[in-house]
Amino acid sequence: KKHIGWKDDGWFWPFYEPLIESVYNQDIQIFPGNLSDKEVSDVYSNQDLKLPDALSESSLARLAKDIDESHCGMLPQSQFPSMLRVQRARDARMAEELASNKLPGQAVLIAGNYHVRHDLGVPNYLTKRDSETARKDIVSVAFLEVSAEKQRAIDYEDGGALQQAWDFIWFTP
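Q: I tried to follow the side chain of Ser-147 on my own but got confused; where do I start?
A: Tracing the backbone shows Ser-147 in the loop between β1 (141-145) and β2 (168-172). Overall, the relative accessible area of 18% leaves Ser-147 in the buried class. Of note is the side chain of Ser-147, whose polar atom sits 2.6 Å from the side chain of Glu-149.

Structure, rendered in structure tokens:
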């Protein structure tokens, strides 16, 4: 934890510890991909910030809808552009880190389900930024919590997705 500068706010270390320690103990390089608190604040307040044009208008509308729903409809409309900028800036940063670290072999991004979505997340920024990376080269896995109301795998499909969100879903308790 101390070797990689892990921040406890929002990230439950015991959940990630086995994976991170395994990678660290095998001498595999770990690169940070998130924005610092200061960068988040700067992105949030900078209305003129230019981000990569990686999402279509319909994808941006879907992202705004999902941000609204994830805040239970309580987020004022005036904050939507800032929240969208932060989400997009995080995805762009993760893509930048993946593309700029040209180590031999494959790269793995460990990020939230939303960030790894083919239709709205990092894959869009990665393929836009790195001409050597094609969509077919990216495999996305979502870890979704099993719900008592959803008994079949198809119940977990994202009916509003503009394209397939993930390649695989790993169901968890």
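Here the narrative resumes.
Q: Would you mind showing me how to read the environment of Leu-63 here?
A: Relative to the helices and strands, Leu-63 is located in helix α3 (residues 57-70). Residue classification places Leu-63 among the buried positions, given a relative accessible area of 1%. Sequence separation between Leu-63 and Arg-88 is 25 residues, and the spatial gap between their C-alpha atoms is 9.5 Å.

Q: Help me understand a nonpolar patch on the surface in this model?
A: Together, Val-139, Val-141, Phe-143, Phe-168 and Trp-170 make up a nonpolar patch on the protein surface, roughly 520 Å² of accessible area in all. Of all elements in the fold, only β1 and β2 reach the threshold of two or more residues within the nonpolar patch. Overall, the relative accessible area of 32% leaves Val-141 in the partly exposed class.

Q: Would you explain the packing of aromatic side chains in this entry?
A: How two aromatic rings sit relative to each other is set out by the distance from centre to centre and by the angle between their planes. All chains considered together, the criterion is met by two aromatic pairs. Here the aromatic rings of Phe-15 and Tyr-16 are separated by 5.0 Å at their centres, their planes lie at 85°, and the arrangement is edge-to-face. Given a relative accessible area of 58%, Phe-15 falls into the exposed group. Positioned over the ring face of Tyr-114 is Arg-117, at 5.2 Å from the centre of the ring. Just above the ring of Trp-166 sits the side chain of Arg-117; from NZ or CZ to the centre is 5.2 Å.

Q: For this particular structure, what's the right way to read the packing of helix α4 (residues 80-100) against helix α5 (residues 122-129)?
A: Relative orientation of the contacting elements α4 and α5 amounts to 50°, with a least axis distance of 8 Å. Classified by the angle between their axes, α4 and α5 sit oblique to one another. Judged by the sense of rotation from one axis to the other, the crossing of α4 with α5 is right-handed. Of the residues in α5, those touching α4 at Arg-88, Asp-91, Ala-92, Met-94, Ala-95, Glu-96, Leu-98 and Ala-99 are Val-122, Tyr-125, Leu-126 and Arg-129. Taken together, the residues of the contact of α4 with α5 break down into eight nonpolar, no polar and four charged.

Q: Please explain the nonpolar core as it appears in this structure.
A: When a protein is soluble and globular, its nonpolar side chains tend to lie buried together. Residues Leu-55, Leu-63, Ile-67, Leu-84, Ala-95, Tyr-125 and Leu-126 are the most contacted members of the largest nonpolar core, which totals 17 residues. Of all elements in the fold, only α3, α4 and α5 reach the threshold of two or more residues within this core. Residue contributions to this core peak at six residues, all from α4. Those residues in contact with Ile-67, other than ones at most four positions away along the chain, are Leu-75, Met-83 and Leu-84. In this structure, Ala-142, Leu-144, Tyr-156 and Trp-166 belong to the second largest nonpolar core, which totals six residues.

Cut-offs used in this document
- Residues numbered from 1 in each chain as written.
- Predicted model: local features only at pLDDT ≥ 70, side-chain atom pairs only at ≥ 80, totals over all residues.
- Heavy atoms only, no water.
- Helix = DSSP H or I, 4+ residues; strand = E, 2+ residues; numbered from the N terminus.
- Buried < 20%, exposed > 50% of the residue type's maximum accessible area, 1.4 Å probe, protein only.
- Polar contact = N/O pair within 3.5 Å; in protein donor to acceptor, adjacent residues only side chain to side chain.
- Patch = residues over 30% accessible without salt bridge, like charges linked within 9 Å, V, L, I, M, F, W, Y side chains within 5 Å.
- Areas by Shrake-Rupley, 256 points an atom, 1.4 Å probe, with all protein chains shown as cover.
- Salt bridge = Lys/Arg side-chain N within 4 Å of Asp/Glu carboxyl O.
- Phe/Tyr/Trp six-rings, centres within 6.5 Å; stacked < 30°, edge-to-face > 60°.
- Lys NZ or Arg CZ within 6 Å of the ring centre and 35° of its normal.
- Axes fitted to C-alpha atoms, helices over the stretch in contact; angles between N-to-C directions.
- Parallel < 35°, antiparallel > 145°, perpendicular 65-115°, else oblique.
- Left-handed = near helix turned anticlockwise from the far one by under 90°.
- Contact = heavy atoms within 4.5 Å.
- Nonpolar A, V, L, I, M, F, W, Y, C, P; charged D, E, K, R; others polar.
- Core = buried A, V, L, I, M, F, W, Y, C linked by side-chain atoms within 4.5 Å.

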